[in-house]
Amino acid sequence: MTTAGKAALQVGDLSADTSQYSFFKYSLQVENHHQQQYVRDAEKREALQAALTAAKQETADVKAMASQFQAQLMHAIQQRKHATSSKQRQWAEQKKQLDDQELR
């Protein structure tokens, strides 16, 4: 084979090596991009999970406060009913005494 032929084969081999290198480099870039995207997605999932956990805790806290408020409100209503009943009985007793005094 002539020197020019050998040189042409070497150039062809070099061209093939360059193509393989370019493809390999591109493959690594794609893989790197996918890994970075996976890491970003994982970070987003962690942040969302933390936000969800915090929201669940806030919901539980609000439910506990609402339950406590409801209990206090029911207690206040019962006290008011009892006080009203006591006043009504007291007024009825006073009216009865006045009526008895008028009849005498």
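A brief structural summary. Keep in mind it's a predicted model, so treat the numbers as computed, not measured.

Parameters at a glance
Residues numbered from 1 in each chain as written. Predicted model: local features only at pLDDT ≥ 70, side-chain atom pairs only at ≥ 80, totals over all residues. Heavy atoms only, no water. Helix = DSSP H or I, 4+ residues; strand = E, 2+ residues; numbered from the N terminus. Buried < 20%, exposed > 50% of the residue type's maximum accessible area, 1.4 Å probe, protein only. Areas by Shrake-Rupley, 256 points an atom, 1.4 Å probe, with all protein chains shown as cover. Phe/Tyr/Trp six-rings, centres within 6.5 Å; stacked < 30°, edge-to-face > 60°. Lys NZ or Arg CZ within 6 Å of the ring centre and 35° of its normal.

A look at the overall build of the chain
- Per the secondary structure count, the chain includes 1 helix and 0 strands.
- Each of the 104 residues in the chain was classed as buried or not, and the buried ones make up 1%.
- Surface summary for the chain: the accessible area is close to 9700 Å², and the carbon and sulfur share equals 59%.

Brief notes about the packing of aromatic side chains
- Scanning the model with the defined rule gives 0 aromatic pairs in all.
- Sitting over the face of the ring of tyrosine 38, arginine 45 holds its NZ or CZ atom 5.7 Å from the ring centroid.

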